[in-house]
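Geometric and topological summary
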Amino acid sequence: MTTAFSLAPLFRHSVGFDRFNDLFESAARNESGSSYPPYNVEKHGDDHYRIVVAAAGFVEQDLDLQVEKGVLTVTGSKRDNGAGEVTFLHQGIAQRAFKLSFRLADHIEVKAAGLANGLLSIELLRLVPEEAKAKRIPINGDSNVLN
(Lines give C-alpha, C1' and ligand atoms only; values in the text may rest on other atoms or scores of the structure.)
Protein backbone atom coordinates (compact mmCIF):
# COMPACT_ATOMS: atom_id res chain seq x y z
CA MET A 1 0.00 0.00 0.00
CA THR A 2 1.41 3.38 -0.97
CA THR A 3 0.75 6.70 0.70
CA ALA A 4 1.84 8.76 -2.32
CA PHE A 5 -0.80 10.70 -4.14
CA SER A 6 -0.75 12.99 -7.12
CA LEU A 7 -2.01 16.55 -7.10
CA ALA A 8 -1.60 16.84 -10.88
CA PRO A 9 -5.39 16.95 -11.54
CA LEU A 10 -5.72 19.96 -9.21
CA PHE A 11 -2.90 21.86 -10.92
CA ARG A 12 -4.32 21.45 -14.43
CA HIS A 13 -6.65 24.36 -13.74
CA SER A 14 -4.27 26.54 -11.74
CA VAL A 15 -1.23 28.64 -12.42
CA GLY A 16 1.56 29.62 -10.06
CA PHE A 17 0.85 27.24 -7.17
CA ASP A 18 4.27 25.58 -7.12
CA ARG A 19 4.87 26.50 -3.47
CA PHE A 20 1.46 25.08 -2.61
CA ASN A 21 2.45 21.75 -4.15
CA ASP A 22 5.72 21.78 -2.18
CA LEU A 23 3.75 22.36 1.01
CA PHE A 24 1.61 19.28 0.35
CA GLU A 25 4.65 17.18 -0.43
CA SER A 26 6.42 18.16 2.79
CA ALA A 27 3.27 17.39 4.78
CA ALA A 28 2.96 14.02 3.06
CA ARG A 29 6.54 13.20 4.00
CA ASN A 30 5.41 13.71 7.60
CA GLU A 31 8.74 15.08 8.72
CA SER A 32 9.11 13.87 12.26
CA GLY A 33 9.86 16.83 14.44
CA SER A 34 9.89 17.39 18.13
CA SER A 35 6.64 18.21 19.85
CA TYR A 36 8.52 20.52 22.20
CA PRO A 37 7.40 23.09 23.05
CA PRO A 38 3.65 22.70 22.62
CA TYR A 39 1.89 25.46 20.67
CA ASN A 40 -1.50 26.54 19.37
CA VAL A 41 -2.38 28.19 16.06
CA GLU A 42 -5.56 30.24 16.45
CA LYS A 43 -7.77 32.10 13.99
CA HIS A 44 -9.51 35.25 15.22
CA GLY A 45 -11.73 36.54 12.44
CA ASP A 46 -11.03 36.47 8.72
CA ASP A 47 -7.63 38.17 8.76
CA HIS A 48 -6.28 37.78 12.30
CA TYR A 49 -4.23 34.82 13.51
CA ARG A 50 -2.25 34.05 16.65
CA ILE A 51 0.44 31.50 17.42
CA VAL A 52 0.80 30.74 21.14
CA VAL A 53 3.92 28.87 22.23
CA ALA A 54 4.25 27.40 25.73
CA ALA A 55 7.62 28.86 26.72
CA ALA A 56 7.62 28.12 30.45
CA GLY A 57 10.90 29.03 32.10
CA PHE A 58 12.07 31.25 29.23
CA VAL A 59 12.52 35.03 29.41
CA GLU A 60 12.43 37.48 26.51
CA GLN A 61 16.22 37.38 26.09
CA ASP A 62 16.09 33.60 25.55
CA LEU A 63 13.67 33.83 22.61
CA ASP A 64 14.24 34.95 19.03
CA LEU A 65 11.70 35.54 16.24
CA GLN A 66 12.67 35.87 12.58
CA VAL A 67 10.77 35.99 9.30
CA GLU A 68 12.67 35.08 6.17
CA LYS A 69 11.25 34.14 2.76
CA GLY A 70 7.77 33.54 4.16
CA VAL A 71 8.90 31.35 7.06
CA LEU A 72 8.48 32.44 10.68
CA THR A 73 11.11 30.84 12.92
CA VAL A 74 10.80 30.84 16.71
CA THR A 75 14.00 29.88 18.52
CA GLY A 76 14.53 29.37 22.23
CA SER A 77 18.03 29.01 23.59
CA LYS A 78 19.04 27.46 26.86
CA ARG A 79 20.50 29.96 29.28
CA ASP A 80 23.01 29.38 32.03
CA ASN A 81 21.51 29.01 35.48
CA GLY A 82 24.76 30.09 37.07
CA ALA A 83 27.48 27.66 37.99
CA GLY A 84 26.66 25.96 41.26
CA GLU A 85 23.95 28.42 42.36
CA VAL A 86 21.06 25.98 42.05
CA THR A 87 20.97 22.23 42.46
CA PHE A 88 17.80 20.71 41.06
CA LEU A 89 16.35 17.86 43.08
CA HIS A 90 13.73 17.49 40.35
CA GLN A 91 13.56 19.56 37.14
CA GLY A 92 10.18 19.12 35.49
CA ILE A 93 10.16 22.44 33.61
CA ALA A 94 12.13 21.81 30.46
CA GLN A 95 14.38 24.63 29.35
CA ARG A 96 16.05 22.88 26.46
CA ALA A 97 16.70 24.70 23.23
CA PHE A 98 14.06 24.54 20.52
CA LYS A 99 13.31 25.76 17.02
CA LEU A 100 9.81 25.97 15.52
CA SER A 101 9.13 27.00 11.92
CA PHE A 102 5.83 28.15 10.45
CA ARG A 103 5.33 28.75 6.72
CA LEU A 104 3.29 31.92 6.29
CA ALA A 105 0.82 32.36 3.45
CA ASP A 106 1.14 35.28 1.09
CA HIS A 107 0.33 38.67 2.62
CA ILE A 108 0.57 37.40 6.23
CA GLU A 109 2.65 39.72 8.40
CA VAL A 110 3.84 39.43 11.98
CA LYS A 111 2.38 42.42 13.82
CA ALA A 112 3.45 41.88 17.43
CA ALA A 113 4.81 39.37 19.90
CA GLY A 114 4.58 39.25 23.67
CA LEU A 115 5.60 36.96 26.52
CA ALA A 116 3.28 36.71 29.52
CA ASN A 117 2.71 33.97 32.08
CA GLY A 118 5.00 31.56 30.22
CA LEU A 119 3.15 31.94 26.92
CA LEU A 120 4.72 33.55 23.85
CA SER A 121 1.93 35.08 21.72
CA ILE A 122 2.66 36.04 18.13
CA GLU A 123 0.02 38.18 16.42
CA LEU A 124 -0.37 37.74 12.66
CA LEU A 125 -2.44 39.79 10.24
CA ARG A 126 -3.34 39.22 6.59
CA LEU A 127 -2.84 42.49 4.68
CA VAL A 128 -3.92 42.03 1.07
CA PRO A 129 -2.82 44.96 -1.13
CA GLU A 130 -5.41 46.59 -3.38
CA GLU A 131 -3.76 45.27 -6.54
CA ALA A 132 -4.11 41.69 -5.23
CA LYS A 133 -7.81 41.97 -4.40
CA ALA A 134 -10.51 40.73 -6.76
CA LYS A 135 -11.54 43.12 -9.50
CA ARG A 136 -14.16 42.99 -12.22
CA ILE A 137 -12.85 42.96 -15.79
CA PRO A 138 -15.20 44.60 -18.34
CA ILE A 139 -15.88 42.67 -21.55
CA ASN A 140 -15.63 44.78 -24.65
CA GLY A 141 -17.71 43.65 -27.63
CA ASP A 142 -15.16 45.09 -30.04
CA SER A 143 -13.15 42.32 -31.75
CA ASN A 144 -10.20 44.70 -32.39
CA VAL A 145 -9.20 44.84 -28.71
CA LEU A 146 -6.16 42.57 -29.16
CA ASN A 147 -4.95 44.17 -32.43
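Residues numbered from 1 in each chain as written. Predicted model: local features only at pLDDT ≥ 70, side-chain atom pairs only at ≥ 80, totals over all residues. Heavy atoms only, no water.

Some words on the overall build of the chain
As a reminder of what qualifies: The way it works is that DSSP assigns letters per residue, a run of H or I at least four long becomes a helix, a run of E at least two long becomes a strand, and they are numbered from the N terminus. Classification of residues uses two cut-offs on accessible area relative to the type maximum, computed with a 1.4 Å probe and protein chains only: under 20% is buried, over 50% is exposed, and between them is partly exposed. All accessibility values rest on the Shrake-Rupley procedure with a 1.4 Å probe; residue burial counts only the protein chains present in the view.
Counting secondary structure elements, the chain contains two helices and seven strands. When the helices and strands of the chain are listed from N to C terminus, the series reads α-α-β-β-β-β-β-β-β. Every one of the 147 residues in the chain was classed for burial, and the buried ones make up 17%. Taken as a whole, the chain presents about 11800 Å² of accessible surface, with 52% of it coming from carbon and sulfur.

Examining the side chain of Thr-73
The condition is simple: A contact between two residues is defined here by any heavy atoms of the two lying within 4.5 Å.
Along the polypeptide, Thr-73 turns up in strand β4 (residues 71–76). With residues near it in sequence (within four places) discarded, Thr-73 still touches Asp-64, Leu-65, Gln-66, Lys-99, Leu-100 and Ser-101.

As for the pairing of strand β6 (residues 108–116)
Here is the rule: Two strands qualify as a pair provided that DSSP identifies no fewer than 2 bridges between them.
Looking at chain direction, β6 and strand β7 (residues 119–126) are connected through eight bridges and run antiparallel. Bridge assignment links Ala-112 to a residue of β7, and that residue is Glu-123. Taking the residues that link successive antiparallel strands as the turn, the β6-β7 hairpin has two residues, and the phi of Asn-117 there is positive, at about 55°.

Notes on the packing of aromatic side chains
Convention followed: Stacked, tilted and edge-to-face pairs are distinguished by plane angle, under 30 degrees for stacked and over 60 for edge-to-face with tilted covering the rest, among Phe, Tyr and Trp rings (Trp via its six-membered ring) whose centres lie within 6.5 Å.
Enumeration according to the criterion identifies three aromatic pairs in this entry. On the basis of an interplanar angle of 85° and a centroid distance of 6.1 Å, the ring pair of Tyr-36 and Phe-98 is categorised as edge-to-face. Placement of the pair is Tyr-36 in the loop between α2 (18–29) and β1 (39–43) and Phe-98 in strand β5 (residues 98–103), with a sequence separation of 62 residues. Plain terms: the ring middles of Tyr-39 and Phe-102 are 5.1 Å apart, the flat faces sit at 90° to each other, and that makes the pair edge-to-face. Within this pair, whereas Tyr-39 is found in strand β1, its partner Phe-102 is found in strand β5, the two being separated by 63 residues in sequence. Pairwise contacts between aromatic rings join Tyr-36, Phe-58 and Phe-98 into one cluster.

Considering the pairing of strand β3 (residues 63–68)
Of the strand pairs in this sheet, β3 and β4 are connected by six bridges, and their pairing is antiparallel. Bridging from a neighbouring strand, Leu-65 pairs with Val-74 of β4. Taken together, β3 and the strand that follows it, β4, pair antiparallel across an intervening segment of two residues, in which Lys-69 is found at a positive phi of about 50°.

Some words on the sheet that holds β1
What counts here: Axis definition: a line fit to C-alpha positions, over the contact stretch in the case of helices; interaxial angles, taken between N-to-C directions, run 0 to 180 degrees.
On the basis of which strands lie adjacent, the open sheet formed by four strands has the order β1-β2-β7-β6 and antiparallel pairing. Strand pairing shows two members of the sheet lacking a second neighbour, β1 and β6, which therefore form its edges. Adjacent strand axes in the sheet meet at a mean angle of 15° when their direction is disregarded.

Here's the deal with the sheet that holds β4
Judged by pairing direction, the sheet is antiparallel, and its three strands sit side by side in the order β3-β4-β5 without closing on themselves. The open sheet has two free edges, formed respectively by β3 and β5, since each of these has just one partner strand. When strand polarity is set aside, the average angle formed by the axes of neighbouring strands in this sheet is 15°.

Considering the nonpolar core
Our working rule: We call a set of buried residues a nonpolar core when its members are Ala, Val, Leu, Ile, Met, Phe, Trp, Tyr or Cys and they connect through side-chain atoms within 4.5 Å of each other.
Residues Ile-51, Leu-72, Val-74, Phe-98, Ile-122 and Leu-124 are the most contacted members of the largest nonpolar core, which totals 17 residues. Every element with two or more residues in this core is listed here: β2 (48–54), β4, β5 and β7. Residues within four places of Leu-124 in sequence aside, it is in contact with Asp-47, His-48, Tyr-49, Ile-51, Leu-104, Ile-108, Glu-109 and Val-110.

As for the environment of Leu-127
Tracing the backbone shows Leu-127 in the segment after β7. Here the alpha-carbon distance between Leu-127 and His-107, two residues 20 residues apart in the chain, equals 5.4 Å. Ignoring sequence-local partners within four residues, the contact set of Leu-127 consists of His-107, Glu-109 and Lys-111.

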